Amino acid sequence: MSGAKISIIIPVYRTERYLEKCVQSVLASEFREIEALLIDDGSPDNSGALCDKMAEKDARVRVVHRVNQGLSAARNEGLRRASAPYVSFVDSDDWIHPQMFGELYRLIIEHNAQIASCGFLECPDSAEAFVKLPVTPQVNVLNGMTALSMLLMSRASASHTAWGKLYDRKLFDGVEYPVGRMYEDAATTYKLYYKCGKAVHIKAPY
């Protein structure tokens, strides 16, 4: 989408049960200058058709149908197709708070950072509402090496995830998710923090 500031990459595979809720949460973002890239990784269920249906209703949605090659290949395809200067990943069985991208983008610009991250919650399928967000959530600003050290020492698997973060797209120059490898984000996220000059984290469950 021309003029988008954030490309949101959503790999899709066998998640028709959650897909519409996921994409609608992205499109409901208070930050409007986005494009949603739905990468249908050869899903054998009705997910591909749902992607096309949503693209017909909102011009910010772009769909790529491809032969199944796994999550890493789908993420890499999204990065190649992204048109915006900043990118983010949302798993297709998750959903996001409408303030998420606006807050992460604001923090990146305000602190001249290359990565902004946030907290998360595990929610049951039936959950419809988000918990009340903190009025003044804590914000930590770190240089890239400090952020990398904290990442490598962390036992929290969520700190290594591709999702829950907004990235300067230039960090992915020369970096791809390893195809065929499990926990592909754990094998990639540290490389992005290594290249990062400054990172910021907001303790709010977006």
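Note that the structure is a prediction, hence the values are computed from the model and not measured.

**Digging into the pattern of salt bridges**
Applying the stated criterion to the full structure yields 13 salt bridges. Where Arg66 meets Asp41, a salt bridge forms, and the shortest distance between an N and an O atom there is 3.4 Å. On the criterion of sequence distance, the pair formed by Arg66 in strand β3 (residues 61-66) and Asp41 in strand β2 (residues 34-41) is long-range, its members being 25 residues apart. For the pair Arg66 and Asp41, one class covers both residues: buried. Two residues, Glu110 and Arg106, come together in a salt bridge whose shortest N-O distance is 2.8 Å.

**Observations concerning the pairing of strand β4 (residues 86-89)**
Successive side chains on a regular strand alternate, one facing one side of the sheet and the next facing the other. Every second residue of β4 is oriented toward a common face, with Tyr86 and Ser88 on one face and Val87 and Phe89 on the other, all of them buried. Across 4 bridges, strand β1 (residues 6-12) lies against β4 in parallel orientation. Of the residues in β4, the one forming a bridge with Ser7 is Val87. Bridging between β4 and strand β7 (residues 165-168) involves 3 bridges; their strand directions are antiparallel. Residue pairing across strands places Tyr86 opposite Asp168, the latter belonging to β7.

**Digging into the side chain of Asp185**
Following the sequence through the fold, Asp185 ends up in the loop between β7 and α6 (189-195). Buried within the structure, Asp185 lacks any salt-bridge partner; its nearest side chain of opposite charge belongs to Arg75, at an N-O separation of 4.5 Å.

**Here we look at the packing of aromatic side chains**
This structure, assessed with the given rule, holds 8 aromatic pairs. Ring centres of Phe89 and Tyr177 lie 5.6 Å apart, and the angle between their planes is 90 degrees; on these two criteria the pair is classed as edge-to-face. Of this pair, Phe89 sits in strand β4 while Tyr177 sits in the loop between β7 and α6; the two residues are 88 residues apart in sequence, bridging distant segments of the chain. For Tyr177, a relative accessible area of 1% gives the class buried. For the ring pair Phe120 and Trp163, a centre distance of 5.3 Å and an interplane angle of 75 degrees mean the geometry is edge-to-face.

**Here we look at helix α5 (residues 144-153)**
The set of residues buried in α5 consists of Gly144, Ala147, Leu148 and Leu151. Projected down its long axis, α5 carries its buried residues within an arc of 100 degrees, all on one side. Elements that come into contact with the buried residues of α5 comprise β6 (139-143), α6 and β8 (198-205).

**A look at the packing of helix α1 (residues 16-27) against helix α2 (residues 47-57)**
Two numbers describe a pair of packed helices, the interaxial angle and the distance between the axes. It is the contact of α1 with α2, at a shortest axis distance of 9 Å, that shows an interaxial angle of 25 degrees. Taken together, the axes of α1 and α2 are roughly parallel relative to one another. Two packed elements cross with a definite hand, and for α1 against α2 that hand is right-handed. Of α2, the residues touching α1 (which contributes Glu16, Leu19, Glu20, Val23 and Gln24) are Ser47, Leu50, Cys51, Lys53 and Met54. The residue makeup of the contact of α1 with α2, split by class, is 5 nonpolar, 2 polar and 3 charged.

**Regarding the sheet that holds β3**
Spatially, 8 strands are ordered β3-β2-β1-β4-β7-β5-β8-β6 in an open sheet, and the strand pairing comes out mixed. In this open sheet, the two strands that pair with only one neighbour each are β3 and β6. Each strand of the sheet is rotated relative to its neighbour by a mean of 20 degrees, with strand direction disregarded. Pairing between strand β5 (residues 115-119) and β7: 3 bridges, direction antiparallel. What sits directly across from Ala116, in β7, is Leu166. Against the sheet, α2 makes contact with β1, β2 and β3, and its axis sits at roughly 155 degrees relative to β3, the strand it touches most.

Reading guide: rules and limits
- Residues numbered from 1 in each chain as written.
- Predicted model: local features only at pLDDT ≥ 70, side-chain atom pairs only at ≥ 80, totals over all residues.
- Heavy atoms only, no water.
- Salt bridge = Lys/Arg side-chain N within 4 Å of Asp/Glu carboxyl O.
- Helix = DSSP H or I, 4+ residues; strand = E, 2+ residues; numbered from the N terminus.
- Buried < 20%, exposed > 50% of the residue type's maximum accessible area, 1.4 Å probe, protein only.
- Pairing = 2+ DSSP bridges.
- Lys, Arg positive; Asp, Glu negative; His and termini not counted.
- Phe/Tyr/Trp six-rings, centres within 6.5 Å; stacked < 30°, edge-to-face > 60°.
- Arc of directions from axis to C-beta.
- Contact = heavy atoms within 4.5 Å.
- Axes fitted to C-alpha atoms, helices over the stretch in contact; angles between N-to-C directions.
- Parallel < 35°, antiparallel > 145°, perpendicular 65-115°, else oblique.
- Left-handed = near helix turned anticlockwise from the far one by under 90°.
- Nonpolar A, V, L, I, M, F, W, Y, C, P; charged D, E, K, R; others polar.

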